[in-house]
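# What the coordinates show
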Amino acid sequence: MCLAVPGRVLDIEERDGTRMAHVDFGGVVKDVCLEYVPEMEVGDYAIVHVGFALQRLDEVSARRTLELFENLGVLEEEFGDAWGRAAKEAGADRPAGTTPLPGVPSPPPTLHRPDPDTPEEARR
């Protein structure tokens, strides 16, 4: 599912002629394009969809929406630990060099057990 999620602008900079910002989504920081809302300033909240700020939002509405999304588990789905989730689904350990996002719980580790029907030589 793709959502438009509210986030707070932490800083703004020009990158290759494009106005960009680091935006905090309840502890997860992402790069966001501000070209559609040039009036955005540091500290403002915006509705963001697929990396583009679409609309300015007041702080109360943004915080209320973030809290609702968190309670529904939508933030985990949208910003969660994709590496950890994929590893768990595959019955493997987290890939080397990947770390969970701050503030987002990782799935519990699982033990990878070889398929008992696989010949020994194929397991090597």
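Values in this document were obtained by computation on a predicted structure and should not be read as measured data.

## Some words on the pairing of strand S1 (residues 5-15)
Bridge count between S1 and strand S4 (residues 45-49): 4 bridges; the pairing is antiparallel. The residue bridging Gly7 from the neighbouring strand is Ala46, located in S4. Where S1 meets strand S2 (residues 18-25), 7 bridges bridge the pair, whose relative direction is antiparallel. Residue pairing for S2: Glu13 is matched across the bridge by Met20. Joining the antiparallel neighbours S1 and S2 is a turn of 2 residues, in which Asp16 adopts a positive phi near 50°.

## Comments concerning the nonpolar core
Val32 and Ala53 are the most contacted members of the largest nonpolar core, which has 15 residues in total. Listed by contribution, the elements that provide at least two residues to this core are S1, S2, S4 and helix H1 (59-72). If sequence neighbours within four positions are ignored, Ala53 has contacts with Val32, Cys33, Leu34, Tyr36, Val37, Ala46, Ile47 and Val48.

## A word on the side chain of Arg19
Tracing the chain through its elements places Arg19 in strand S2. There is no salt bridge for the buried Arg19, and the closest opposite charge comes from Glu14, which lies 5.0 Å off by N-O distance. Within the structure, the side chain of Arg19 is placed 2.7 Å from the backbone oxygen of Met40, a separation counted as a polar contact. Setting aside chain neighbours within four positions, we find Arg19 in contact with Ile12, Glu13, Glu14, Val32, Cys33, Leu34, Glu35, Val37, Pro38, Glu39 and Met40.

## Some words on the pairing of strand S5 (residues 52-57)
Inspection of the sheet shows S4 paired to S5 by 5 bridges, in the antiparallel sense. Bridging across to S5, Val48 finds its partner in Ala53. Following S4, the chain reverses through 2 residues before pairing antiparallel with S5; Val50 in that reversal takes a positive phi of roughly 45°.

## Structural notes on H1
In this model H1 runs 20 Å from its N-terminal to its C-terminal C-alpha over 14 residues, within 8% of the 20 Å that 1.5 Å per residue would give. Every buried residue belonging to H1 is among Ala62, Leu66 and Phe69, and all of these are buried. For H1, the buried positions fall inside an angular range of 65° around the axis, keeping them on one side. Structural note: H1 exposes Val60, Arg64, Glu67, Asn71 and Leu72 on the side pointing more than 90 degrees away from its buried face. Just past H1, the residue Gly73 takes up positive phi, approximately 80°.

About the thresholds
- Residues numbered from 1 in each chain as written.
- Predicted model: local features only at pLDDT ≥ 70, side-chain atom pairs only at ≥ 80, totals over all residues.
- Heavy atoms only, no water.
- Pairing = 2+ DSSP bridges.
- Helix = DSSP H or I, 4+ residues; strand = E, 2+ residues; numbered from the N terminus.
- Core = buried A, V, L, I, M, F, W, Y, C linked by side-chain atoms within 4.5 Å.
- Buried < 20%, exposed > 50% of the residue type's maximum accessible area, 1.4 Å probe, protein only.
- Contact = heavy atoms within 4.5 Å.
- Lys, Arg positive; Asp, Glu negative; His and termini not counted.
- Salt bridge = Lys/Arg side-chain N within 4 Å of Asp/Glu carboxyl O.
- Polar contact = N/O pair within 3.5 Å; in protein donor to acceptor, adjacent residues only side chain to side chain.
- Expected span 1.5 Å × (residues − 1).
- Arc of directions from axis to C-beta.

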